[in-house]
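Secondary and tertiary structure notes
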Amino acid sequence: RNKSGDQVKKLDLLANLFMINALRKSHVCAVLVSEEEPEPLIMKGHHGKFCVAFDPLDGSSNIDCNVSTGTIFSIFEKKTFAPPAASDILRPGKEMVAAGYCMYGSATELVMTFGQGVERFILDPSLGEFIHIGESIKMPLNGKKVYSVNEGNYLKWDPVIQDAVQKFKDPKDGSKPYSMRYVGSMVSDVHRTMIYGGIFMYPADKKSRNGKLRLLYEGFPMALLAEQAGGVASAGYFKGQVRRILDLVPRTIHERCPVILGCKRDVKPVLAGYEGYSDATTKPNSGGLKSKL
């Protein structure tokens, strides 16, 4: 198992080695953080100014059933001329200079942002190059009514998340219920949300009070992509208040966080339920949201 406690497969280790070797030989990196490495990798000698955190192979638990997997990454720029250190990457997500993911499915897609919109590329094997396709990705304001969450954790969630999911399944206004789509590979679930709209959630629960997804190389990059595509990315009610993911500051490289992201139509009503909420609350509030998104 890796530092995060996840089962490691052979392909995880191979992907990790490929990523590390490629980034190290680029000579533009100062610090590397990988899900599969217990400590940050500090570049010695001639190094660059970029600090990169990555999940080499997201969704590897689905490899045996041929479900899409991917690579997720976040990039920070070193701020000082001091020797590289872990502190160079333990910074708020809003300081990222770039983020993205590569998805390996029926096609190999690269989705990236440099903080000015989200671009989509597809690998052309005949050229060995990624080709830009279409316009910048914009999360649909009124896209498909889809919610994506591991509903097996329902009894462990706080009442706000339970109430939100119940409303998706049984809207009180008589509208059509939402469809549930959950792959269990973050890249696949978020990619669908980016393209079609809806909401993706992996909230904190009674067992994992800090959430399950890793902040530096899952929460941060997906949050930046979601916001740049016109959506919302929040940690929900986390450490005493509703928090925007990109405002969080990691203290360790494998720190976890809850994730609630998607189009504004679906995310904002979920967060609104937290007004006046505390850990002792037994019923969600239906008022408006005043906390940070």
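First, a word on scope: everything that follows refers to the structure included in this document. (Residues numbered from 1 in each chain as written. Predicted model: local features only at pLDDT ≥ 70, side-chain atom pairs only at ≥ 80, totals over all residues. Heavy atoms only, no water.)

Let's talk about the overall build of the chain
What counts here: Numbering of helices and strands runs from the N terminus, with a helix taken as a DSSP run of H or I at least four residues long and a strand as a DSSP run of E at least two residues long. The atom set for the radius of gyration is the C-alpha atoms, and the globule formula is 2.2 Å times the number of residues raised to the power 0.38. When accessible area is computed with a 1.4 Å probe and restricted to protein chains, residues below 20% of their type maximum are described as buried, those above 50% as exposed, and intermediate ones as partly exposed. Here the accessible surface of atoms and residues is derived via Shrake-Rupley with a 1.4 Å probe, and residues count as covered only by protein chains that are part of the display. For the charge count, each Lys or Arg is scored as positive and each Asp or Glu as negative, with His and the chain ends excluded. Lysine's charge is taken at NZ, arginine's at CZ, aspartate's at CG and glutamate's at CD.
Scanning the chain from terminus to terminus reveals five helices and 16 strands. Scaling as 2.2 N^0.38, a compact globule of 293 residues should have a C-alpha radius of gyration of about 19 Å, and the chain matches this with 19 Å. Taken along the three principal axes of its C-alpha coordinates, the chain extends 60 × 40 × 35 Å. Per-residue burial for the chain yields a buried fraction of 49% across its 293 residues. Here the chain displays about 14,000 Å² of accessible surface, and carbon together with sulfur accounts for 54% of that area. Charged side chains of the chain number 39 positive and 31 negative; the gap between the two group centres comes to 4 Å.

Describing the packing of helix α3 (residues 186-196) against helix α4 (residues 215-228)
Going by this rule: Throughout, an axis means a line fitted to C-alpha atoms (over the contacting stretch in the case of helices), and angles, computed between N-to-C directions, take values from 0 to 180 degrees. Any angle that is under 35 degrees is reported as roughly parallel, and any over 145 degrees as roughly antiparallel; angles of 65 to 115 degrees are reported as roughly perpendicular and all others as oblique. Note: crossing handedness is left-handed where the near helix turns anticlockwise from the far helix by less than a right angle, and right-handed where it turns clockwise. Here, residues are in contact when the closest pair of their heavy atoms is within 4.5 Å. Residues were grouped as follows: Ala, Val, Leu, Ile, Met, Phe, Trp, Tyr, Cys and Pro as nonpolar; Asp, Glu, Lys and Arg as charged; and all remaining residues, including Gly, as polar.
One way to put it is that α3 packs onto α4 with a least axis distance of 11 Å and a crossing angle of 10°. Here α3 lies roughly parallel to α4, going by the angle between them. In this structure, α3 meets α4 at a crossing whose hand is right-handed. Where α3 abuts α4, its residues M186, V187, V190 and M194 lie against E218, M222, L225 and A226. Of the residues assigned to the contact of α3 with α4, the class counts are seven nonpolar, no polar and one charged.

Comments concerning helix α5 (residues 264-272)
Every buried residue of α5 is accounted for by D266, V267, V270, L271 and A272. Buried positions along α5 lie against α2 (159-169), β11 (199-202), β13 (232-238), β14 (241-244) and β16 (259-262).

Some thoughts on the pattern of salt bridges
To be explicit about the condition: Any Lys or Arg side-chain nitrogen found within 4 Å of a carboxyl oxygen on Asp or Glu counts as a salt bridge.
In total, this model carries 18 salt bridges according to the counting rule given. Linking E255 and K239 is a salt bridge whose minimum nitrogen-to-oxygen distance equals 3.8 Å. Taken as a pair, E255 in the loop between β14 and β15 (256-257) and K239 in the loop between β13 and β14 lie far apart in primary sequence, 16 residues in all. Judged by its relative accessible area of 43%, K239 is partly exposed. Where D247 meets R244, a salt bridge forms, and the shortest distance between an N and an O atom there is 3.1 Å. One network of salt bridges, with partners in common, ties together K94, E227, R244 and D247.

Remarks on α4
When you tally the buried positions in α4, you get 12 out of 14 residues, the bulk of the element. Of the residues making up α4, those classed as buried are L215, L216, Y217, E218, G219, F220, P221, M222, A223, L224, L225 and A226. Immediately downstream of α4, the backbone of G230 shows phi near 95°, a positive value.

Some remarks on the sheet that holds β13
For clarity, the cut-off: Pairing between strands is defined by DSSP: at least two bridges between them are needed.
Here we have six strands laid out as an open sheet, ordered β10-β9-β11-β16-β13-β14, and mixed in their pairing. Here the strands that pair on one side only, and so sit at the sheet edges, are β10 (179-180) and β14. Examined bridge by bridge, strand β9 (residues 146-148) and β10 share two bridges and lie parallel to one another. Pairing of V146 across the sheet is with S179, part of β10.

Topic: the sheet that holds strand β1 (residues 29-34)
Strand order in the open sheet made by the eight strands is β2-β1-β3-β4-β5-β6-β7-β8, with mixed pairing throughout. Either end of the sheet is taken by a strand with one partner, and the two such strands are β2 (41-42) and β8 (129-132). Bridging between strand β3 (residues 50-58) and strand β4 (residues 69-77) involves seven bridges; their strand directions are antiparallel. Looking at the pairing, D55 lines up with I72 of β4. The strands touched by α3 within the sheet are β3, β4, β5 (98-104), β6 (108-113) and β7 (118-124), with β5 carrying the most contacts at an inclination of about 110°.

Points about the side chain of H254
Just so we agree on the cut-off: Polar contact is the term for a pair of N or O atoms within 3.5 Å; when the atoms are in protein, one must be able to donate a hydrogen and the other to accept it, and sequence-neighboring residues count only if both atoms are side-chain atoms.
Looking at where H254 falls in the secondary structure, it is placed in the loop between β14 and β15. A distance of 2.7 Å separates a polar atom in the side chain of H254 from a polar atom in the side chain of Y217.

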